[in-house]
Amino acid sequence: MKMIGLVAAATAISVSFASASISADTLSTVKKNGFVKCGVSTGLPGFSNPDDKGKWQGLDVDVCRAVAAATLGDEKKVKYIPLTAKERFTALQSGEIDILSRNTTWTLTRDVSLGLNFAGVNYYDGQGFMVSKSLGVKSAKELDGAAVCIQSGTTTELNLADYFRQHKMKYTPVVFDTSDQTVKGFEAGRCDVLTSDQSQLYALKIKLSKPQNAMVLPEIISKEPLGPVVKQADDKWFNIVKWSLFAMVNAEELGLTSSNIDAKKKAKNPEVKRFVESDGPIAKQLGLNQDWAYQIVKQVGNYGESFDRNVGKNSPLNIDRGVNALWSKGGFMYAPPMR
Amino acid sequence: MPDNKHNLATGNVSFWNDPAKRSLLFQAILFIAVFAVGYIIYQNTQHNLESRGITTGFEFLDAEAGFGIIQSLIPYDETHSYGRTFVVGLLNTILVSALGVFFATILGFLIGIARLSHNWLISRIAAVYIEIFRNIPLLLQIFFWYFAVLRLLPGPRQSLEFSGIAFLNVRGIYLPSPILSEGFGWVLAALVIAVIAIVFIKRWAKKRQNTTGEQFPVFWASLAILIGLPFIVFLISGASLQWEIPELKGFNFRGGLTIIPELSALLIALTIYTAAFIAEIVRSGIESINKGQTEAAHALGINPGKTLQLVIIPQAMRVIIPPLTSQYLNLIKNSSLATAIGYPDLVSVFAGTTLNQTGQAIEVISMTMAVYLTLSLLVSLFMNWYNKRMALVER
């Protein structure tokens, strides 16, 4: 069935590009459709996961919502398309989705050879290992000969091979299609170790039937900057997605939240004024309404709000802000100024 | 009218009224149209791939793959190329398909014959088997065997042990593997000689039966030679075979031969599912043979087993082979469901991981499709040849 999807997508690339290349302008397509087609994961708590009412929630989902708020003025106008790691790039290349917001690592190969553009980073991550406590392992360097569960088609698969080669250790890769299957394999004892981005490990850990029996090892073996991706050769759309993300980070820096933005709007601070009204010509250059940035913050919130709600202190994951704090607070989150 | 007659006679019909020429023209137009559409699609794809900055071509096959694969029939590690991952995946697909075809055929024939048994219980059990496994989607069956059944096995440290040389746990079946040393060549040679001897014995026995009517127990004699001769040579050449026994070291067993649970689950599911269809094909084949044939054979004093083997099945094969071919093709194509449980077949390794790491969807997918097409055509060619051989020779 996955095969059918891939074949269909490959055929779509070869045939339907005829129409796609004529209307390469994603913004007009989105406006015409009345919704943004957003590629998300098949279910990863904190990043993109449907809640008990079937509504998609998460840090990655908030990027989709922000783009919808900026382009259509309504964060609800998103169509979520769950994709496995293997399917995601083909789906974007063939125009099945407008944005890929699915914990995707920004790498050189992906940036230059897939016909894609990375619009920024919404989570700085690194690959780690989760083991069962009964194994008695304290460090990743003790993992020689272990069976490792991995999700297929990820940078994780490559980093893992590199790490074990570098430390002259052997491993048995057990490769699954979705993170659900990977967790099942780990729980059933098919493998000793589950490897993935650290944030995902915490998310997958709470999916285990006995989370207290598993532990995450201290080693982080790679850099994993995760962020939204768009198709190449559509600079207008690239700019919109990029600046929707920047607007969320800038809003946090300016102290604008979904609850106080209406009050602050009346204040005389020129930076805030520029933010909410976006000075005529800029919005026009972006192809958006005057109040696009205001709509993002009003409807979705700033980056800090999104972080706390989905993965941080107000969520079951309870991940520390760490390097994902603002630059002014010792983190990496730094957005270019909006002027 | 006289004009027309005259034209027909001389072959001087106007172009449009000559059916032969007209059909030739239509063929030519169709050919050009098909070719043109193909060319437009090709051009369009090239243009679009280029304008989107997507890398094209087959150079990626030489690049280092950098990821591991759990099972490979040829030497493979992360330093090998993407081209190598293609071969690894292909061989794994062929392995599971060949084993699946082999076991499904045996099981299918047994169940099919059991379905027609005069024993009420046996035929009902066969019927229940067929109806259950034929009517549940294969993917669910694969999940069932992998996630429900095989998962009940114990972990590596609590493995089930078979006299200290073979082990069974949730990570797979661990068997001792033979280490070949010199002198083992003699044993292989003896095996070849045994096979040649069997062919001669079979011919001789047939000739003797034709002239004298006496039968010779060919099967048992062949079996004795096949096992006995290499074994004697093995003892004479100094018992040159050693076994590497799997040992629990660190996390897992090491050494020996490992059969991964992904392969077992996929093979069990494919075999059981396809066998249900084959059983029905065998049943319909046998039922298509006139009951008179059985009665005639019995009247000649041939026992029921021999009747089935020498009279019924050979005739039924004519009916069985064409649909059986379809089942073999289905099995080969269904093996691509491997990706659901992580068995490293062509679709999982090449159309999955390799495609994702390189992003060259069109190249990878066309190569994958070409493989399945080629495999299917080869099987179908072979089965058609076999069918012709089995066809009833009328004199």
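Every chain's residues receive numbers from 1 upward, in the order its sequence appears when written. Written order determines the labels here, with chains lettered from A and ligands numbered from 1. Two thresholds apply to this predicted model, a pLDDT of at least 70 for residue-level local features and 80 or more for giving and counting side-chain atom pairs, whereas whole-chain, interface and lining totals are computed over all residues. In computing side-chain values, all of the structure's heavy atoms are included and hydrogens and water are not.

Concerning the overall build of chain A
When helices and strands are tallied, chain A shows 15 helices and 14 strands. For 339 residues, the compact-globule estimate of 2.2 N^0.38 gives 20 Å, and the C-alpha radius of gyration of chain A, at 21 Å, lies within 12% of that figure. For chain A, the spread of C-alpha atoms along the principal axes amounts to about 60 × 50 × 40 Å. Here chain A holds 339 residues, and 60% of them are scored as buried. Accessible surface is estimated by sampling points in the Shrake-Rupley manner with a 1.4 Å probe; for residues, cover comes only from the protein chains shown. When the accessible area of chain A is evaluated, it comes to approximately 13,300 Å², of which 54% is carbon and sulfur surface. To qualify as a helix, a DSSP run of H or I must reach at least 4 residues; to qualify as a strand, a run of E must reach at least 2; elements of each kind are numbered from the N terminus. Radius of gyration here uses only the C-alpha atoms, and the compact-globule reference equals 2.2 Å multiplied by the residue count raised to the power 0.38. Summary of the burial criterion: residues with accessible area below 20% of their type's maximum are buried, those above 50% are exposed, and those between are partly exposed, where the area comes from a 1.4 Å probe applied to protein chains only.

A short note on the interface of chain B and chain A
Throughout, a contact is declared for two residues whenever any of their heavy atoms are within 4.5 Å. At the junction of the two partners, chain B supplies 51 residues and chain A supplies 58 residues. Once two parts are joined, some of their accessible surface, as seen by a 1.4 Å probe, is lost; buried area is that loss totalled over both. For the pair chain B and chain A, the two sides together bury roughly 4,300 Å², of which 56% comes from carbon and sulfur. The largest per-residue losses of area from chain B upon contact with chain A belong to Arg52, Phe251 and Asn356 of chain B, which jointly make up 19% of the total buried on that side. Only one rule defines a salt bridge in this text: a Lys or Arg side-chain nitrogen within 4 Å of an Asp or Glu carboxyl oxygen. Applying the counting criterion to the chain B and chain A interface returns three salt bridges. The residue Arg171 of chain B makes a salt bridge to Asp192 of chain A at a minimum N-O spacing of 2.8 Å. Any pair of nitrogen or oxygen atoms within 3.5 Å is treated as a polar contact; in protein, a donor-acceptor pairing is required on top of that, and neighbouring residues in sequence qualify only through side-chain atoms on both sides. Our count for the chain B to chain A interface comes out at eleven residue pairs in polar contact (both at pLDDT 80 or more).

Comments concerning the sheet that holds strand 3 (residues 172-175) of chain B
Residue and element names in this part refer to chain B. What the four strands build is an open sheet, ordered 1-2-3-8; its pairing is antiparallel. Edge positions in the sheet fall to strand 1 (160-162) and strand 8 (257-259), since each of these pairs with one other strand and no more. Across the sheet, the mean angle from the axis of one strand to that of its neighbour is 15 degrees, orientation sign disregarded. In this analysis, strands are considered paired if DSSP registers two or more bridges between them. Here three bridges tie strand 2 (residues 166-169) to strand 3, and the two strands are oriented antiparallel to one another. Paired with Phe167 across the bridge in strand 3 is Tyr174. In this analysis, axes come from line fits to C-alpha atoms, helices being fitted only over the stretch in contact, and the angle between any two N-to-C directions falls in the range 0 to 180 degrees.

With respect to the packing of helix 4 (residues 59-72) of chain A against helix 10 (residues 235-254) of chain A
Two packed helices can be described by the angle between their axes and the distance between those axes. All names here are of chain A. The N-to-C vectors of helix 4 and helix 10 enclose an angle of 110 degrees; their axes lie 9 Å apart at closest approach. Taken as axis vectors, helix 4 and helix 10 run roughly perpendicular relative to one another. Relative to helix 10, the crossing made by helix 4 is right-handed. Of helix 10, the residues touching helix 4 (which contributes Asp62, Val63, Ala66, Val67, Ala70 and Thr71) are Trp237, Ile240, Val241, Ser244, Leu245 and Met248. Note on residue categories: nonpolar means Ala, Val, Leu, Ile, Met, Phe, Trp, Tyr, Cys or Pro, charged means Asp, Glu, Lys or Arg, and polar means any other residue, Gly included. When its residues are assigned to classes, the contact of helix 4 with helix 10 shows nine nonpolar, two polar and one charged. What sets the label is the angle itself: under 35 degrees gives roughly parallel, over 145 gives roughly antiparallel, 65 to 115 gives roughly perpendicular, and the rest give oblique. In this scheme the handedness of a crossing depends on how the near helix is turned from the far one: anticlockwise by less than a right angle means left-handed, clockwise means right-handed.

Thoughts on the nonpolar core
By size, the foremost hydrophobic cluster in this structure holds 117 residues, and its most contacted members are Trp237, Phe275 and Trp292 of chain A. Here this core gets 15 residues from one element, more than from any other, and that element is helix 8 (residues 261-287) of chain B. Look past the residues within four positions of Trp237 of chain A in its chain and what remains in contact with it is Thr26, Leu27, Val30, Val36, Val67, Thr71, Asp98, Ile99 and Val230 of chain A. We define a nonpolar core as any set of buried Ala, Val, Leu, Ile, Met, Phe, Trp, Tyr and Cys residues linked to one another through side-chain atoms lying within 4.5 Å.

A word on the packing of aromatic side chains
All names here are of chain A. In this scheme Phe, Tyr and Trp rings, the latter by its six-membered ring, pair at centre separations within 6.5 Å, and the angle between planes marks the pair as stacked below 30 degrees, edge-to-face above 60, and tilted otherwise. Taken as a whole, this structure holds 29 aromatic pairs over all chains when the rule is applied. Between Trp106 and Phe118 the ring centres are 5.5 Å apart and the planes differ by 5 degrees, which places this aromatic pair in the stacked class. Linking Trp106 in the loop between strand 5 (99-100) and helix 6 (108-113) with Phe118 in strand 6 (residues 116-118), this pair joins segments that are twelve residues apart in sequence. Phe118 sits in the buried class, given a relative accessible area of 4%.

Quick notes on the pattern of salt bridges
All names here are of chain A. Scanning all chains against the criterion turns up 17 salt bridges over all chains. Among the salt bridges present, the one from Arg321 reaches Glu252, with a minimum N-O distance of 3.1 Å. On the criterion of sequence distance, the pair formed by Arg321 in the segment after helix 15 (303-310) and Glu252 in helix 10 is long-range, its members being 69 residues apart. Across the pair Lys298 and Asp262 runs a salt bridge whose closest N-O atoms are separated by 2.9 Å. Placement of Lys298 in helix 14 (residues 292-299) and of Asp262 in helix 11 (residues 261-265) is noted, with a sequence separation of 36 residues between them. With a relative accessible area of 33%, Lys298 lands in the partly exposed category. For Asp262, a relative accessible area of 28% translates into the label partly exposed. A network of salt bridges, in which partner residues are shared, links Asp62, Arg65, Glu75, Lys76 and Arg309.

Overview of the side chain of Ser222 of chain A
Residue and element names in this part refer to chain A. Here Ser222 shows up in the loop between strand 12 (214-216) and strand 13 (224-226). At a separation of 3.2 Å, a polar atom in the side chain of Ser222 contacts the main-chain amide nitrogen of Gln127. Reaching out from Ser222, the side chain makes a polar contact with the side chain of Asn159 at a distance of 3.4 Å. Residues in contact with Ser222, not counting those within four places in the same chain, are Asp125, Gly126, Gln127 and Asn159.

Concerning a nonpolar patch on the surface
Residue and element names in this part refer to chain B. Only residues whose relative accessible area exceeds 30% and that form no salt bridge enter a patch; like-charged residues are grouped when within 9 Å of one another, and nonpolar side chains (Val, Leu, Ile, Met, Phe, Trp, Tyr) when within 5 Å. Residues Leu188, Leu191, Val195, Val199, Phe219, Trp220, Leu223, Leu226 and Ile227 make up a contiguous nonpolar surface patch of about 860 Å² in total accessible area. Contributions of two or more residues to the nonpolar patch are made by helix 6 (184-212) and helix 7 (218-236). Ranked by residue count, the leading element in the nonpolar patch is helix 7, at five residues. Its place among the elements puts Leu223 in helix 7. Its relative accessible area of 33% is what places Leu223 among the partly exposed residues.

Quick notes on the sheet that holds strand 11 (residues 193-197) of chain A
Residue and element names in this part refer to chain A. Within the open sheet, the five strands sit side by side as 10-9-11-8-12. Their pairing is mixed. Strands at the two margins of the open sheet, each flanked by one partner only, are strand 10 (171-176) and strand 12. Within this sheet the neighbouring strands show an average axis-to-axis angle of 30 degrees, counted without direction. In the sheet, strand 9 (residues 146-151) pairs with strand 10 via six bridges, with the strands oriented parallel. Bridge pairing in strand 10 places Val148 opposite Pro173. Running over the sheet, helix 9 (residues 198-205) touches strand 8 (127-132), strand 9, strand 11 and strand 12 and is turned about 125 degrees from strand 11.

Describing the state of the cysteines
All names here are of chain A. Put simply, a disulfide is two cysteine sulfurs that come within 2.5 Å. Tallied over the entire structure, the rule returns two disulfides over all chains. The disulfide partner of Cys38 is Cys64, and the gap between their sulfur atoms is 2.0 Å. Around the S-S axis, the bridge from Cys38 to Cys64 shows a dihedral of about -65 degrees and counts as left-handed. A residue pair is termed long-range when its members are at least 10 positions apart, and Cys38 in strand 1 (residues 36-40) and Cys64 in helix 4 qualify at 26 residues.

Geometric descriptors of this kind do not, in isolation, establish any biological role.
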